[in-house]
Amino acid sequence: QVQLVESGGGVVQAGGSLRLSCAASGGTFTDYPMGWFRQAPGKEREFVARISQWSLGTIYADSVKGRFTISRDNAKNTVYLQMNSLKPEDTAVYYCAADDPSTVAGGVPRSPLKYDYWGQGTQVTVSS
């Protein structure tokens, strides 16, 4: 069982930056590819970014590519999402998630069905 605790959300002006953190406990952190998702009011949860266990590979949604950077510090059991050049359309609740490879996948890497453990979500609001 893995617990994920997110922090770093808040309100920022368009063009600004935020850095989200997700601290993991339980399990073996280096077993898990980690992902970030977001969900805006009235919309489905959408994929944002994914990082492999040893940071050798990353995947980004086209909507955030070039602006957001996912990273991880395995010594701290923490995943980060650096968000730059924020736009009002980035406003959403952001979730981190862990993909346990020992479980049934249930989807593809961009699908929330593939992930087994989720944080509580943190609100990011970008004002114009």
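Described below are features of the structure shown in this document. Just so we're clear, the structure is a prediction, and the values are computed from it rather than from any experiment.

This part takes up the pairing of strand E9 (residues 92-98). Of all 7 residues in E9, 6 are buried; the element is thus mostly enclosed. Pairing of strand E4 (residues 34-39) with E9, which is carried by 6 bridges, proceeds in the antiparallel orientation. Bridging across to E9, Trp 36 finds its partner in Cys 96. For E9 and strand E11 (residues 122-127), the ladder comprises 3 bridges, and the chain directions are antiparallel. Across the sheet, residue Tyr 94 finds its bridge partner in E11, namely Thr 122. Two elements, E9 and strand E10 (residues 117-118), share 2 bridges in a ladder whose sense is antiparallel. Each residue of the ladder has a partner; that of Ala 97, found in E10, is Trp 118.

Sheets are built from strands paired through backbone hydrogen bonds, the pairs being either parallel or antiparallel. With antiparallel pairing, 4 strands are arranged side by side in an open sheet as E1-E3-E8-E7. Across the chains shown, the open sheet's two edge strands, defined by having one partner strand only, are strand E1 (3-7) and strand E7 (68-73). Each strand axis lies, on average, 15° off the axis of its neighbour in the sheet, ignoring direction. Examined bridge by bridge, E7 and strand E8 (residues 78-83) share 6 bridges and lie antiparallel to one another. Note that in E8 the partner of Ile 70 across the bridge is Leu 81.

Take the pairing of strand E3 (residues 18-25) next. As defined by bridge partners, E1 adjoins E3 across 5 bridges and the pair is classed as antiparallel. Each residue of the ladder has a partner; that of Gln 3, found in E3, is Ser 25. Pairing geometry for E3 and E8, over 6 bridges, is antiparallel. Residue Leu 18 lies in a different strand from E8, and its bridge partner there is Met 83.

Joining two cysteines, a disulfide is a covalent bond between their sulfur atoms. This model, assessed by the stated rule, comprises 1 disulfide. Shown here is the disulfide that connects Cys 22 with Cys 96, its sulfur atoms set 1.9 Å apart. Handedness here is read from the sign of the S-S torsion; for Cys 22 and Cys 96, about 55°, the answer is right-handed. Taken together, the residues Cys 22 in strand E3 and Cys 96 in strand E9 connect sequence positions 74 residues apart. Exposure class is identical for Cys 22 and Cys 96. Each is buried.

Rules behind the numbers
- Residues numbered from 1 in each chain as written.
- Predicted model: local features only at pLDDT ≥ 70, side-chain atom pairs only at ≥ 80, totals over all residues.
- Heavy atoms only, no water.
- Buried < 20%, exposed > 50% of the residue type's maximum accessible area, 1.4 Å probe, protein only.
- Helix = DSSP H or I, 4+ residues; strand = E, 2+ residues; numbered from the N terminus.
- Pairing = 2+ DSSP bridges.
- Axes fitted to C-alpha atoms, helices over the stretch in contact; angles between N-to-C directions.
- Disulfide = S-S within 2.5 Å.

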